[in-house]
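# What the coordinates show
Chain by chain, the residues run as shown.
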Amino acid sequence: MKVSKEIVRRYNHLRRNVRQIRDNVNVQSVLPARGSREDFMYEGTFFEAVGTILVIAQLFGLMPVHGVKAKHPSKLRFRKCSLRFLLCIFYTISIFILTLLSLYWISRTKLEFGKLVFFTFDFANLMSLVCFLDLARKWPKLMVEWYRIEKYLPQLKYQFDKQKMAYQIKMVSLIILFSSMAEHLLAMTVGAHAAANCPTIRDPIKAFYMASYPQVFLIFPYSDALGSLAKFFNIIATFAWSYTDLFVIIISIGLASKFQQINNDLFKIKGKVGIRTNFWTEYRIYYREIVMLVGIVDTAVAKIILISITNNLFFICVQLLRSLDKKPTFAHTFYFWISLIYLIGRTLAVSLYSASINDESKKPLEVFRSVSREDWCIEVKRFDEEVANDTVALTGMKFFKLTRKLVLSVAGTIVTYELVLIQFHQDDNISDWDPCLSKNETAKKIVFG
Amino acid sequence: MWMQQQQNNLREKDDENFYYEELSEEDYKQTFYCAIKPAIYVAKIFGFFPINISSKQVHEIKFKWIHFRTLISLSLIVCCTMTAGFALKAQTEQLSAANIVGVLFFSICTIIAISFFRISMRFRYLMMSWVKVEKKFLSEKYTMPADKWKLRTKISIFTFIFFCCSFSEHFFYLGAEIYKLTFEIRHCNITDFDLFELFTRKQHKFVLDNIPYEYNNVIGAIVEYLNFSYTFFWNYLDLFIMLLSIGLSDLLQKISHRMECLQTVRLDENIWAELRLDHVSVSELIKIVNEEFGFIFMLACLNDSYFILIQMLNITTSLPFILSIIYFWYSLIYLVIRSVLMVSYASDVYENARKPIEVIRMIPADQWNNELERFFNQIKFHSNALSGKKFFIITKTLLFSMAGVLVTYELVLLQVDGKTVTWQDLIDCDSRT
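Residues numbered from 1 in each chain as written. Chains lettered and ligands numbered in written order. Predicted model: local features only at pLDDT ≥ 70, side-chain atom pairs only at ≥ 80, totals over all residues. Heavy atoms only, no water.

### Focus: the overall build of chain B
Looking only at helices and strands, one finds 15 helices and two strands in chain B. For chain B, the spread of C-alpha atoms along the principal axes amounts to about 85 × 50 × 45 Å. Counting all 433 residues of chain B, 50% fall into the buried class. Of all intrachain contacts in chain B linking residues separated by at least 6 positions in sequence, the fraction that spans at least 24 positions is 79%. Considering chain B, the positive charge centre built from 42 side chains and the negative charge centre built from 45 side chains are found 4 Å apart. (Helix = DSSP H or I, 4+ residues; strand = E, 2+ residues; numbered from the N terminus. Buried < 20%, exposed > 50% of the residue type's maximum accessible area, 1.4 Å probe, protein only. Contact = heavy atoms within 4.5 Å. Lys, Arg positive; Asp, Glu negative; His and termini not counted. Charge placed at Lys NZ, Arg CZ, Asp CG, Glu CD.)

Have a look at this one:
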């Protein structure tokens, strides 16, 4: 169809006008963006609180989902042909190779308890990478469901309340990631110090890599590039190790804050008279929705919780056992105790935050027993019975429920096993994988994760 | 954490709005505050509870930061920390569960002292909440029969017996050490000595070596007094928990006693509502006690378990002196009885809270109503017990599980044969300074 020049000219003129009007109205679309009020306003949803953490994790290849910083969770997409997904697959395959190398190394040389740490570290991180990939597939649906339930609950009125959960999540992530980084740097420092004073190998970089990654250099000949590559994957694995625990904590904070929202409203009417029946109906339904949300999240995150807890338990047991061995230098002793304290602290944090969901879900009981006689009705009774009889908690694939009682029994189990293992403790022989320890030393070298 | 802060703020506001109704003389005599005053006065001698409790009214309890009482408490805490540090420094060999006893003892005493210091800061709030609940129980409806002991008598007698036993245990320990010292003096042929100086130097070598002052008798006396204080801290933990439990059980017993008296009478729903609300107020008080003392309950259970474990390990060691043997068995039996009593009294709170269930079960069908049902559900399903920071609740079952755990650990640790200690191991003539 032939379009007349007049129409084209008018059309272009109109387009230019519209652009000018738009530019005049919103200059900021031309200039680099300054933070506006909208950037700092929170909606109080979990989706927006967790966005930054997920972006950081995606740099390390965990949870390759698109659209984590969008405004609405319906924009989340799991795309297979994207850079993030390929990065994730690449990291997974390399850690898989490292795990196989560790296994091969252990089977070739003598089996020692200290070598098992290498294998378990790599294997656990491989498992968590795979589970996070699996979770990434389900993440869009999970977030949409979470958002829907959050919008269904009574909305918070003030900005202060809305940003509380996001603030808590950000603070906890900051602390855990920074302490993980500090612990890793300390490990590298102690390793570098030991490598610099290595009697057998002159080159300190070679000594450091040979001591830290013996499983790689069993098969491949030494080269600086290979050592650096192994170090790079080790950093990815260390991040994944901390991130598993951090993720469980973040999920727990998100779920517990929903219960807190309901509890705040219930405590406001505690001891008062003249409460309508439909108030109780309404809040019972909100409570039910949150319990349903806990169930959905639990199913999605179950494997990650299980990996996190078993991983922590194993490492604490192993490290406590190796606390009995004599260390070569004071630096080794210092690093060992710092890393053990960090490990125990992180495990306690995971247990206590996840047990807080159960604690928060039981708080309405105090409100129910203060309801006056005139306000007691069948709805309150129903709500009371539900809260008293249900155990709402995250489970590890339905094997156990994460409550405070579990923390105590786990601590008791660890102490019992330690006492038994201590009886059978013998100082391990000279670690023959470390080229820096001469044959005369009987001390055992610390293994860096 | 923010939520807790908000709750704390709410508490403070409540505090200001408390109607300071003064208690009459007879009412005051029935309160828990009056009953535990003797125990607190004794604790004040050893630096605990730097608060002013001279008044009969609970709202006049005062805690001041700038006061010589507070300064003495704080300096005691600092001394305890330093002693723990010195003990750690003197520990030359490889640390294991058995030879860390000294360090752990002083560390636990430090933690106890800090916890009780924190409690003295919150003591006014605790006592005001307690009196608020107790006022409901001061009326005639809740009078107990005259042949039952009053709270004040119970607590006074209990405190007295406890202090006798714990002080006698400490003096027994001193006696055994002095006997060993006289033996050493005779054996090493030491002439020209001052018994007190020799004794103090031997006992507290690790402390005296580290302080910059030259030894004189005043310093020796101070160190001995500090040592006595630490042992007192260690005992006082259990005593205070027992006193709290007796106080709470007393309130709950009043409720169940009133219910038993009214069992045969046909009761209105109002009376049941009143009884239920009284039970609720005691539950709220238990919740407040749990929040304040949760850490202390945990500490007490761990403390007792650990020390019983360590003492049991030494059963197989045979000691040279008869006095040492008698002291060892006396202290072991005292330790076990103290722990068992503490857990029993604390679990009494749980048992007494559940007593009304028996009465409710006997109510005939035509008298059943909503309030009764609520009361029953409340007692059965809500947790009305002392708990260690919600990790565990203190019931009689806990005693069994603690005993089971201890036996397991004993069996594991007792793999070695008992050793024999002769007096030559204990006395070293050349090591005196």
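### What about the interface of chain A and chain B?
Chain A puts 32 residues into the contact, and the matching count from chain B is 29 residues. Of the roughly 2,700 Å² buried between chain A and chain B, counting both surfaces, carbon and sulfur atoms make up 56%. Interface area lost by chain A to chain B is led by R369, R373 and R404 of chain A, which between them contribute 29%. Linking chain A with chain B are five salt bridges. In this structure, K270 of chain A engages E284 of chain B in a salt bridge whose closest nitrogen and oxygen atoms are separated by 3.4 Å. Linking chain A with chain B are eleven residue pairs in polar contact (both at pLDDT 80 or more), by the criterion used here. (Buried area = accessible area lost by both parts, 1.4 Å probe. Salt bridge = Lys/Arg side-chain N within 4 Å of Asp/Glu carboxyl O. Polar contact = N/O pair within 3.5 Å; in protein donor to acceptor, adjacent residues only side chain to side chain.)

### What about the packing of aromatic side chains?
The tally for this structure, following the rule as stated, stands at 77 aromatic pairs over all chains. Here F46 of chain A and W146 of chain A contribute two aromatic rings whose centre-to-centre distance is 4.0 Å and whose plane-to-plane angle is 5°, an arrangement assigned as stacked. Note that F46 of chain A is positioned in helix α3 (residues 46-49) and W146 of chain A in helix α6 (residues 113-152), a separation of 100 residues in sequence. Consider the rings of F48 of chain B and F49 of chain B, whose centres lie 6.5 Å apart with planes at 90°: the pair is edge-to-face. Here F48 of chain B matches F49 of chain B in class, with each residue buried. Against the face of W234 of chain B rests R338 of chain B, its NZ or CZ located 4.6 Å from the ring centre. (Phe/Tyr/Trp six-rings, centres within 6.5 Å; stacked < 30°, edge-to-face > 60°. Lys NZ or Arg CZ within 6 Å of the ring centre and 35° of its normal.)

### Brief notes about the nonpolar core
Counting residues in hydrophobic clusters, the biggest one holds 115 residues, and the most contacted among them are F48, F49, F123, M127 and Y236 of chain B. The residues contacting Y236 of chain B, other than those within four sequence positions of it, are A39, I40, A43, F48, F49, F116 and F163 of chain B. By size, the runner-up hydrophobic cluster in this structure holds 90 residues, among which are L129, V248, I249 and L343 of chain A. (Core = buried A, V, L, I, M, F, W, Y, C linked by side-chain atoms within 4.5 Å.)

### Quick word on the side chain of S387 of chain B
By the element assignment, S387 of chain B lies in the loop between α13 (370-381) and α14 (396-413). Only 3.1 Å separates the side chain of S387 of chain B from the backbone nitrogen of K390 of chain B, close enough to count as a polar contact.

### Concerning the UniProt feature "transmembrane region" (unreviewed entry) in chain A
Residues and elements named next belong to chain A. The feature "transmembrane region" (unreviewed entry), as given by UniProt, occupies residues 46-65, 85-107, 172-196, 232-256, 290-314, 334-355 and 406-425 in the numbering adopted here. The span residues 46-65 shows a helical share of 65% and a strand share of 0%, and its end C-alpha atoms are spaced 16 Å apart. What you have in residues 85-107 is 100% helix and 0% strand, and the ends, taken at the C-alpha atoms, are 33 Å apart. (UniProt positions renumbered as here; feature names shortened; annotations may be inferred.)

### With respect to the side chain of H279 of chain B
Within the secondary structure, H279 of chain B sits in helix α10 (residues 269-313). If sequence neighbours within four positions are ignored, H279 of chain B has contacts with L252, I255, A353, F375, Q378, I379 and N384 of chain B.

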